[in-house]
Number of protein chains: 2
Amino acid sequence: MRPQIVLFGDSITEQSFGPGGWGTALANTYSRKADVLVRGYGGYNTRLALFLLHHIFPLGCVTPPVATTVFFGANDAALLGRNNERQHVPIEEYKENIRRIVKHLKECSPTMLVVLITPPPVDEERRKESVYGKKTMELPERTNEMAGVYAMQCVELAKELGLPSINLWSKMQETEGWQKKFLSDGLHLTGKGNAVVHQEVVKVFNDAWLCASEMPYDFPHHSAIDWRDPGKAFQQQCS
Amino acid sequence: MRPQIVLFGDSITEQSFGPGGWGTALANTYSRKADVLVRGYGGYNTRLALFLLHHIFPLGCVTPPVATTVFFGANDAALLGRNNERQHVPIEEYKENIRRIVKHLKECSPTMLVVLITPPPVDEERRKESVYGKKTMELPERTNEMAGVYAMQCVELAKELGLPSINLWSKMQETEGWQKKFLSDGLHLTGKGNAVVHQEVVKVFNDAWLCASEMPYDFPHHSAIDWRDPGKAFQQQCS
């Protein structure tokens, strides 16, 4: 009954329903108007994401999501020859995988609002310290420069496909001290980092046709109910 | 695909996806295992809730929620002859309405875990100050004693129907200073108040068969994936 917004991505999406997360903030923005469903999978890159497509977004579904955020790349950009090389996906394959994801979503529903989000920037100093409990490394498993390469390809693909995108990599670096202000471990988001993503997603949704303030409540607001004859309000809105 | 948990109630449920809310905490507890959907309607009492039943929980739905919290009463218990008397529902009718809600949910799905939650206690002093922007009143529109009457009927009905219940009215009053610790305006919840509800709901779900730690992930954890042959893990879990 309520439209669904799906957040599809890696750990940064999975954690978006944690305290202060951008997913919960979005769910609150669309309170009583749309459901926000998290489909975030920690550690996943776009290669793994392809295995999920038909399960999460089955073709022929009668009520496909009205909007989906596609937020991968942070893991794909892990460097070869470093600690998390198994997550690495070559840049051309990353772009091709995102293209396949978008193609599938549009097959699911041609009217679905698909928003591509780039990986965030990387604070290399802190990535050296926090590599899944292993010892500090001399070289980080991700670099900010490489994340930027993936971000650029993501934005280019969005342009090519005529989709809105959020260049989180650029956006965050506009703010001085972004390393600690927005990132908790050099990669994942702080409360303020989550707020940036929330704000950017809302902006893109508003610019499209998914502006919360213009969407109807699923059921009448209590102020719109004639309490002596409440059935009337429900007949009007629910029939 | 993922089981759904529905939170059905009034403003205390609607606000549960606000910052620090018990709904978001619950969604985080069931991350990658179940979806938590909020169906909270500010200002609604059980009389209005009945109008929503067939819309939110349609009979014959092939994937009904696995669990639903029913959290009404705070508005039903508004006093006659006071500022919010239009929300008042007589105690017998309140009980009967909750009974009808439960009956409908069980018709929807006999195996659905239905949990009744009582209204929270009321801090009358602060209710006098915060009555929807109107002037301070000499008499509060709700009393703690009356909320307790509704709470007791709610718990009794749960016993009668063999359902788990959470007596929030009693539970919160076990803590000294509950008035300001748990309530933000004498009725709605603070962060700590939200934490109490989250904790109690998780306890009840765990005691039933809905323990998050025992539920499977919807898709393989990244640590369970053979990265040289990732398809294997998905074939096993998704076929």
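Conventions we followed
Residues numbered from 1 in each chain as written. Chains lettered and ligands numbered in written order. Predicted model: local features only at pLDDT ≥ 70, side-chain atom pairs only at ≥ 80, totals over all residues. Heavy atoms only, no water. Buried < 20%, exposed > 50% of the residue type's maximum accessible area, 1.4 Å probe, protein only. Helix = DSSP H or I, 4+ residues; strand = E, 2+ residues; numbered from the N terminus. Pairing = 2+ DSSP bridges. Polar contact = N/O pair within 3.5 Å; in protein donor to acceptor, adjacent residues only side chain to side chain. Salt bridge = Lys/Arg side-chain N within 4 Å of Asp/Glu carboxyl O. Least-squares fit on C-alpha atoms with pLDDT ≥ 70 in both. Contact = heavy atoms within 4.5 Å. Axes fitted to C-alpha atoms, helices over the stretch in contact; angles between N-to-C directions.

Under an unreviewed UniProt entry, chain A has the name GDSL esterase/lipase At5g62930-like isoform X2 and belongs to Nelumbo nucifera.

Participant: Just give me the short version of the pairing of strand β2 (residues 35-40) of chain A, but keep the residues and values in it.
Facilitator: All names here are of chain A. Judged by how many residues are buried, β2 sits mostly within the fold: 6 of 6 residues are covered. The side-chain alternation of β2 yields two buried faces, one formed by D35, L37 and R39 and the other by V36, V38 and G40. Taken together, the 6 bridges between strand β1 (residues 4-9) and β2 define a ladder with parallel strand orientation. Looking at the pairing, V6 lines up with L37 of β2.

Participant: If you had to explain helix α3 (residues 46-56) of chain A to someone new, which residues and values would you point to?
Facilitator: Structurally, the α-helix is built with 3.6 residues per turn, so residues lying three or four positions apart point the same way. Within the span of α3 of chain A, buried status applies to T46, L48, A49, L50, L52, L53 and I56 of chain A. In this structure N45 of chain A caps α3 of chain A, since a side-chain oxygen of it lies 3.1 Å from the backbone nitrogen of R47 of chain A.

Participant: A description of the pattern of salt bridges should follow, citing residues and the corresponding values.
Facilitator: Across all of its chains, the model carries 32 salt bridges over all chains by this definition. Look at the salt bridges and you will find they share partners, linking R2, D35 and D218 of chain A together with R39 of chain B into a network.

Participant: Can you explain the relation of the copies chain B and chain A? Please cite residues and give values.
Facilitator: Here chain B sits on chain A after a turn of 180 degrees about the axis and a move of 0.0 Å along it, with an RMSD of 0.0 Å. Look at the turn and shift together and you get a two-fold axis relating the two. Taking C-alpha positions as reference, the residue of chain B nearest the rotation axis is T24 of chain B, located at 3.2 Å. Interface residue correspondence from chain B to chain A reaches 100%, placing this contact among same-surface, isologous pairings.

Participant: Describe the environment of T29 of chain B, naming the residues involved and giving the relevant values.
Facilitator: Residue and element names in this part refer to chain B. Within the fold, T29 resides in helix α2 (residues 22-29). A residue is classified by how much of its surface remains accessible, and T29, at 28% relative accessible area, is partly exposed. As for T29 and G193, which are separated by 164 residues in sequence, their C-alpha atoms are 17 Å apart. Once residues within four sequence positions are removed from consideration, T29 is found in contact with H198, V202 and A212. Only 2.8 Å separates the side chain of T29 from the side chain of H198, close enough to count as a polar contact.

Participant: Hey, could you go over the sheet that holds strand β3 (residues 67-71) of chain A for me, with residue numbers and the actual values?
Facilitator: Sheet strands pair via backbone hydrogen bonds, and the direction of the pair is either parallel or antiparallel. Residue and element names in this part refer to chain A. Reading across the sheet, the 5 strands line up as β2-β1-β3-β4-β5 and stay open at both edges, with parallel pairing between neighbours. Here the strands that pair on one side only, and so sit at the sheet edges, are β2 and β5 (165-166). The pairing of β3 with strand β4 (residues 113-117) spans 4 bridges and is parallel. By the bridge assignment, V70 is partnered in β4 with L116. Contacting β1, β2, β3 and β4, helix α2 (residues 22-29) crosses the sheet at an angle of about 170 degrees to β1.

Participant: Residue-level account of unusual backbone geometry, with values.
Facilitator: All names here are of chain A. A positive phi is found at R32, a non-glycine position, where the angle reads about 65 degrees. Note on placement: R32 falls in the loop between α2 and β2. Judged by its relative accessible area of 2%, R32 is buried.

Participant: How would you sum up the sheet that holds strand β2 (residues 35-40) of chain B? Please name residues and give values.
Facilitator: In space, the 5 strands of this open sheet follow the order β2-β1-β3-β4-β5 (chain B), with parallel pairing throughout. This sheet does not close on itself; its edge strands, each paired only once, are β2 and β5 (165-166) of chain B.

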